[in-house]
Amino acid sequence: MNFLINDLNIKPEEKRSDKHLDNLKKFFVDHITDIRPTANIFLKKSVIVNQNYKKNIDLNISNEHFVEFKSISSSFGKNANNRIEEMVGQCYLINNIGKLSYVFVYHDVEEEFKYYNRIKGVAQDLLDINLLHSVVLYKVTNQKVVQDPDLNFDLFLRSMDKNEKSTHNRWFKRILQSICLRSKRIISRATNRWHKRIY
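All of these numbers come straight from a predicted model, not from anything done at the bench. (Residues numbered from 1 in each chain as written. Predicted model: local features only at pLDDT ≥ 70, side-chain atom pairs only at ≥ 80, totals over all residues. Heavy atoms only, no water.)

The subject of this paragraph is the pattern of salt bridges. Under the defined criterion, the tally for this structure stands at ten salt bridges. Between Glu86 and Lys70 there is a salt bridge, and its shortest N-O distance comes to 3.5 Å. Here Glu86 is found in helix α4 (residues 76-94), whereas its partner Lys70 is found in strand β3 (residues 65-72), with 16 residues between them in sequence. By relative accessible area, Glu86 is classed as partly exposed at 25%. Classification of Lys70 as buried rests on a relative accessible area of 12%. Salt-bridge contacts for Asp148 lead to Lys120; the nearest nitrogen and oxygen are separated by 3.1 Å. You can see Asp148 sitting in the loop between β6 (145-147) and α6 (153-198) and its partner Lys120 sitting in helix α5 (residues 116-128), a full 28 residues away along the chain. Residue classification places Asp148 among the buried residues on the basis of a relative accessible area of 4%. For Lys120, a relative accessible area of 18% translates into the label buried. Counted as one network, the salt bridges with shared partners bring together Lys55, Glu68, Lys70, Arg83 and Glu86. (Salt bridge = Lys/Arg side-chain N within 4 Å of Asp/Glu carboxyl O. Helix = DSSP H or I, 4+ residues; strand = E, 2+ residues; numbered from the N terminus. Buried < 20%, exposed > 50% of the residue type's maximum accessible area, 1.4 Å probe, protein only.)

Honestly, that's just the spatial picture; any functional story needs more than this.
This is how it looks when you write it as structure tokens:
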């Protein structure tokens, strides 16, 4: 993961082109392909979230699992709050069409990471209520890259394997819910007819 040191230590104007995380995205794609060789993987593909909103997703896995890559490296207080608000909003929107994972890179050459725990805390809260599927957090300085012990790449890969195995279960659950709802409607109609005949 040391390639992140060079990728993040570039001029701010170069980061605005949103290319500084391309190597990280490729790293993820390569490993996801190993686990799910039949998956259709797209980079920066636009998806329709609802009738009013369409979004470019950093990594789209078979139109069912979406991965966003974000970073901060300056104005940490302001940018951390912006990233948190963005993450929460995306969770609520994307959750309607599939699973959402977040990869977050915190680049701090001073090695203070003042707002890191705030970002991690919100991410963990979103995981706990199942609005986020998985999260990977990195700390990057001028000398090293450190993965979070609780929210790391290995756990992300395990969640990918679990995600594939649970796909059929999710569809089965939806079918059961549909059958139950339809059965309730049929019973309700039959009950109404029976009452009309008696009264």
